[in-house]
Amino acid sequence: MGLAELRKAKKLTQRELAERANVPHVSIANIERGAREPSDMTLGTAVRLADALKIKDLRKLLDES
């Protein structure tokens, strides 16, 4: 499961997730549309996104399938 699927499963828009995670909206958009690889995000960004999505396994964020 990638970022878009995790976000949609929580019924969040990109902007809502960005606000909850204190991450720029454009970063989420770039990852979801493939302009940026999920594995290129910083550890801090990954942790903030995981916390906002309430997931414990950071590998779920890095899964591009």
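Every residue gets a number counted from 1 within its own chain, in the order that chain's sequence is written. Where totals are concerned, whole chains, interfaces and linings use all residues; where local detail is concerned, this predicted model gives features only for residues with pLDDT of at least 70, and gives and counts side-chain atom pairs only at 80 or more. Side-chain numbers come from the whole structure's heavy atoms, not from hydrogens or water.

S.K.: Even after reading the chapter, I still don't get the overall build of the protein chain, so can you show me in this structure?
M.R.: Looking only at helices and strands, one finds five helices and zero strands in the protein chain. Reading the protein chain from its N terminus to its C terminus gives the helix and strand order α-α-α-α-α. Taking 65 residues into account, the globule formula puts the C-alpha radius of gyration at 11 Å, and the protein chain, at 10 Å, falls close to it. Overall size of the protein chain, expressed as C-alpha extent along the three principal axes, is 25 × 20 × 20 Å. Any residue under 20% of the maximum accessible area for its type is buried, any over 50% is exposed, and the rest in between are partly exposed; the area is computed with a 1.4 Å probe on protein chains only. The 65 residues of the protein chain split such that 38% are buried. Considering only contacts in the protein chain between residues 6 or more positions apart, those separated by 24 or more positions represent 51%. Secondary structure counts use DSSP, requiring at least four H or I residues in a row for a helix and at least two E residues in a row for a strand, with both numbered from the N terminus. We compute the radius of gyration from the C-alpha atoms alone; for a globule the expected value is 2.2 Å times N to the 0.38, where N is the number of residues. By definition, residues are in contact when any of their heavy atoms lie within 4.5 Å.

S.K.: Looking at this model, I keep getting lost on the packing of helix H2 (residues 14-21) against helix H4 (residues 43-53). Mind explaining?
M.R.: For any two helices packed against each other, one specifies the inter-axial angle together with the distance between the axes. For every element, the axis is a line fit to its C-alpha atoms; helices are fit only across the contacting stretch, and the angle between N-to-C directions ranges from 0 to 180 degrees. Orientation of H2 relative to H4, taken along the N-to-C sense of each, is 110 degrees, at an axis distance of 8 Å. Relative to H4, H2 is oriented roughly perpendicular. Between H2 and H4 the crossing geometry is right-handed. When H2 is examined against H4, the residues Leu-17, Arg-20 and Ala-21 are found in contact with a partner set consisting of Arg-48, Leu-49, Ala-52 and Leu-53. Under this scheme an angle from 65 to 115 degrees is roughly perpendicular, one under 35 degrees roughly parallel, and one over 145 degrees roughly antiparallel; angles in between are oblique. Definitions for this section: a left-handed crossing has its near helix turned counterclockwise from the far helix by less than a right angle. A right-handed crossing has that turn clockwise.

S.K.: Sorry if this is basic, but what is going on with the environment of Leu-3 here?
M.R.: Mapped onto the secondary structure, Leu-3 falls in helix H1 (residues 3-9). Accessibility expressed as a relative area gives 4% for Leu-3, which makes it buried. Excluding its chain neighbours within four sequence positions, the residues that come into contact with Leu-3 are Leu-17, Ile-28, Ile-31, Glu-32, Leu-49, Leu-53 and Leu-61.

S.K.: Would you take a moment to explain the environment of Val-26 for this structure?
M.R.: Here Val-26 shows up in helix H3 (residues 25-33). Considering only alpha carbons, one finds Val-26 and Gln-14, twelve residues apart in sequence, at a separation of 8.8 Å.

S.K.: What should I look at first to understand the pattern of salt bridges in this one?
M.R.: Pairing is possible between side chains that carry opposite charge, provided their charged atoms lie close to one another. The term salt bridge refers to a pairing of a side-chain nitrogen on Lys or Arg with a carboxyl oxygen on Asp or Glu at a separation within 4 Å. Inspection of every chain in the model, using the stated rule, returns two salt bridges. In this structure, Arg-7 and Glu-32 form a salt bridge, with 2.7 Å as the shortest nitrogen-oxygen distance. In this pair, Arg-7 is assigned in helix H1 and Glu-32 in helix H3, connecting sequence segments 25 residues apart. You can call Arg-7 buried: its relative accessible area is 8%. Judged by its relative accessible area of 22%, Glu-32 is partly exposed.

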